[in-house]
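Below, each chain spelled out in residue letters.
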Amino acid sequence: QQQVKQSPQSLIVQKGGISIINCAYENTAFDYFPWYQQFPGKGPALLIAIRPDVSEKKEGRFTISFNKSAKQFSLHIMDSQPGDSATYFCAASLPYGNNRLAFGKGNQVVVIP
Amino acid sequence: NAGVTQTPKFRILKIGQSMTLQCTQDMNHNYMYWYRQDPGMGLKLIYYSVGAGITDKGEVPNGYNVSRSTTEDFPLRLELAAPSQTSVYFCASREAGGLDTQYFGPGTRLTVL
């Protein structure tokens, strides 16, 4: 059973547009929600992460919005660039769980010039 | 720092063969993880370790074994390779306490025929 569900599965965005990827989770005990970025042939790399005590976190062009009551969080990529074309994974982990991450299935984002 | 390194990059095995996937990190991280990534399925945790001499099962441990004799190394052993183990394998590490960032290696692509 997938503990963390992502949508949409793939996304095509024009350069300069906004990419939005959504993630839903079931376990209300999760307390850490990272987004990882993966380029073809590479390992995933942490992009941005949030804890449920805040509703939004911004780092450069990347923003996480967190809705605790809806059990959802989303990644917004502002001013999308061709270099942002990658697969994005949301994940979640429990407190005192040794940071074992439950990953979503991933979203492929393609930014066209 | 080289970060997390994995060898080999690619390997083809015959059914029933065995092999060890190597993972080394030079960041003195206590926590280490093994994931497998199948197309469209995200990453699944196989095994993890919270320090030398301590290992535990993740979500999909069947068919695999691990050991952790040093802080730096966390090899993953496949004893009787099966086609279902065809996947890309990623090793990751994290420092104890502080940030929850997991640092991933470049992966090993394994095909079992």
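Residues numbered from 1 in each chain as written. Chains lettered and ligands numbered in written order. Predicted model: local features only at pLDDT ≥ 70, side-chain atom pairs only at ≥ 80, totals over all residues. Heavy atoms only, no water.

A word on unusual backbone geometry
- The omega angle of the peptide bond from Thr7(B) to Pro8(B) is -5°, so this bond is cis rather than trans.
- Here Pro8(B) shows up in the loop between strand E1 (4-7) and strand E2 (10-13).
- Positioned with a positive phi, Lys71(A) is a non-glycine residue whose angle comes to about 55°.
- Along the polypeptide, Lys71(A) turns up in the loop between strand E7 (62-67) and strand E8 (72-77).
- Residue Lys71(A) is classed as partly exposed on the basis of its relative accessible area, which comes to 25%. (Helix = DSSP H or I, 4+ residues; strand = E, 2+ residues; numbered from the N terminus. Buried < 20%, exposed > 50% of the residue type's maximum accessible area, 1.4 Å probe, protein only.)

Here we look at the packing of aromatic side chains
- Taken as a whole, this structure holds 19 aromatic pairs over all chains when the rule is applied.
- With centroids separated by 4.8 Å and ring planes inclined at 50°, the aromatic side chains of Phe33(A) and Phe66(A) adopt a geometry described as tilted. Taken together, the residues Phe33(A) in strand E4 (residues 33-38) and Phe66(A) in strand E7 connect sequence positions 33 residues apart.
- Owing to a relative accessible area of 0%, Phe33(A) belongs among the buried residues under this scheme.
- A relative accessible area of 8% means that Phe66(A) is categorised as buried.
- Among the aromatic side chains, those forming a connected cluster through ring pairs are Tyr36(A), Phe89(A), Phe103(A), Tyr33(B), Tyr35(B), Tyr48(B), Phe90(B) and Phe104(B).
- Lying over the aromatic face of Phe74(B), Arg68(B) brings its terminal NZ or CZ to 5.9 Å of the ring centre.
- In this structure, Arg94(B) is placed above the aromatic ring of Tyr31(B), and the distance from its NZ or CZ to the ring centre is 4.1 Å. (Phe/Tyr/Trp six-rings, centres within 6.5 Å; stacked < 30°, edge-to-face > 60°. Lys NZ or Arg CZ within 6 Å of the ring centre and 35° of its normal.)

Considerations on the sheet that holds strand E7 (residues 64-66) of chain B
Residues and elements named next belong to chain B.
- Taken together, 4 strands build an open sheet; the order of strands is E1-E3-E8-E7 and the sheet is antiparallel. Two strands lie at the open edges of the sheet, namely E1 and E7, each paired on one side alone. Between one strand axis and the next, the sheet turns by 20° as a mean value, whatever way the strands run.
- The sheet contact formed by strand E3 (residues 19-25) and strand E8 (residues 76-78) spans 3 bridges and is antiparallel. Counterpart to Met19 in the pairing with E8 is Leu78. (Pairing = 2+ DSSP bridges. Axes fitted to C-alpha atoms, helices over the stretch in contact; angles between N-to-C directions.)

Observations regarding the nonpolar core
- With 25 residues, the main nonpolar core has Val4(A), Phe30(A), Phe33(A), Trp35(A), Phe73(A), Leu75(A) and Tyr88(A) as its most contacted residues.
- Among the secondary structure elements, those contributing two or more residues to this core are strand E2 (10-14), strand E3 (19-25), E4, strand E5 (45-50), E7, E8, strand E9 (86-92) and strand E11 (107-112) of chain A.
- With 4 residues, the single largest contributor to this core is E9(A).
- For Leu75(A), the contacting residues outside a window of four places in its chain are Ser19(A), Ile20(A), Ile21(A), Trp35(A), Leu47(A), Ile48(A), Phe62(A), Thr63(A) and Tyr88(A).
- Core analysis: the second largest hydrophobic core is formed by 19 residues, Cys23(B), Trp34(B), Tyr64(B) and Val112(B) among them. (Core = buried A, V, L, I, M, F, W, Y, C linked by side-chain atoms within 4.5 Å. Contact = heavy atoms within 4.5 Å.)

Comments concerning the interface of chain A and chain B
- Between chain A and chain B, the contact holds 18 residues from the first and 20 residues from the second.
- Taken together, the two surfaces of chain A and chain B that pack against each other cover about 1,600 Å², and 51% of this comes from carbon and sulfur.
- Summed over the shared surface of chain A and chain B, the number is 1 salt bridge.
- Here Asp100(B) and Arg51(A) are joined by a salt bridge, their closest N and O atoms 2.1 Å apart.
- Across the chain A-chain B interface, the total number found is 4 residue pairs in polar contact (both at pLDDT 80 or more).
- Taken together, the residues that form the side of chain A that touches chain B break down as 7 nonpolar, 7 polar and 4 charged. (Buried area = accessible area lost by both parts, 1.4 Å probe. Salt bridge = Lys/Arg side-chain N within 4 Å of Asp/Glu carboxyl O. Polar contact = N/O pair within 3.5 Å; in protein donor to acceptor, adjacent residues only side chain to side chain. Nonpolar A, V, L, I, M, F, W, Y, C, P; charged D, E, K, R; others polar.)

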